[in-house]
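Reading the structure
Residue-level listing of the chains:
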Amino acid sequence: MRSGYCAVTDGRARIRAVYPGSFDPFTPGHANVVNRARKIFDEVVVLVAVNSSKHPGLGEEERAAAVRAILPADWTSVTVAAWSGLTSSYCRRHDIGVIVRGVRNTTDLRAEYELAAMNQTLGFPTVFLPAQPDLAAVSSTVARTMKGMLPPC
């Protein structure tokens, strides 16, 4: 039986969470969600996943390396992993009990709610973290578009 917790320390179970996404690219909003999640949970795994409806410019291993390069070294409770299966399968295999999702607006919330309901039936609750207002307008799509519009150095 899956527990979703790692070792008991100081009389309480340590809660592990996963923050899945395609992260193409990893934006300041994503970093903000990770930062906030690491203050709530004992461990957070940023799960760079394959989404069949998206066609990223880089493979999941390259995107995972890019995320690792961006995250501050002192965020020692945060790890990054690449994964090509279902998030619930990753959680089950790695004994993770909570899924974290960032939401920028009501459109995101509607789509995320459907995923959360499915994951809940599989035994994995989802915690939604609303975007900081100054970061809510920047999606990965906007970030890719802006990057393509910048003049060469």
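The following refers to the structure shown. None of the values given here were measured: they were computed from a predicted structure. (Residues numbered from 1 in each chain as written. Predicted model: local features only at pLDDT ≥ 70, side-chain atom pairs only at ≥ 80, totals over all residues. Heavy atoms only, no water.)

Examining a nonpolar patch on the surface
A cluster of nonpolar residues, Leu115, Met118 and Leu122, forms a patch on the protein surface that exposes about 250 Å² of accessible area. On the secondary structure map, leucine 122 appears in the loop between α4 (106–121) and β6 (126–130). Given a relative accessible area of 37%, leucine 122 falls into the partly exposed group. (Patch = residues over 30% accessible without salt bridge, like charges linked within 9 Å, V, L, I, M, F, W, Y side chains within 5 Å. Areas by Shrake-Rupley, 256 points an atom, 1.4 Å probe, with all protein chains shown as cover. Salt bridge = Lys/Arg side-chain N within 4 Å of Asp/Glu carboxyl O. Helix = DSSP H or I, 4+ residues; strand = E, 2+ residues; numbered from the N terminus. Buried < 20%, exposed > 50% of the residue type's maximum accessible area, 1.4 Å probe, protein only.)

Some words on unusual backbone geometry
With an omega of 0°, the peptide bond running from aspartate 24 to proline 25 counts as cis. One can find proline 25 in the loop between β2 (12–21) and α1 (28–40). For phenylalanine 23, which is not glycine, the phi dihedral falls at a positive 45°. Mapped onto the elements of the fold, phenylalanine 23 is located in the loop between β2 and α1. Look at phenylalanine 23 and you get buried, because its relative accessible area is 4%.

Looking at the side chain of arginine 63
Positionally, arginine 63 belongs in helix α2 (residues 60–70). Although arginine 63 is buried, it forms no salt bridge, and the closest oppositely charged side chain is glutamate 60 at an N-O distance of 4.2 Å. A polar atom in the side chain of arginine 63 sits 2.4 Å from the backbone oxygen of serine 22. (Lys, Arg positive; Asp, Glu negative; His and termini not counted. Polar contact = N/O pair within 3.5 Å; in protein donor to acceptor, adjacent residues only side chain to side chain.)

Focus: the packing of aromatic side chains
Geometry of an aromatic ring pair is reported as the spacing of the ring centres plus the angle between the planes. Under the criterion given, the structure shown has three aromatic pairs. Taking the centre distance of 5.4 Å and the plane angle of 65° together, the rings of phenylalanine 23 and phenylalanine 26 count as edge-to-face. By the burial criterion, phenylalanine 23 is buried, and phenylalanine 26 matches it. When the centroid spacing of 5.1 Å and the interplanar angle of 75° are considered together, the rings of tryptophan 83 and tyrosine 90 count as edge-to-face. Just as tryptophan 83 is buried, tyrosine 90 falls in that class too. One aromatic cluster is present, formed by Tyr19, Phe23 and Phe26 through successive ring pairs. (Phe/Tyr/Trp six-rings, centres within 6.5 Å; stacked < 30°, edge-to-face > 60°.)

On their own, these measurements won't tell you what the molecule is for.
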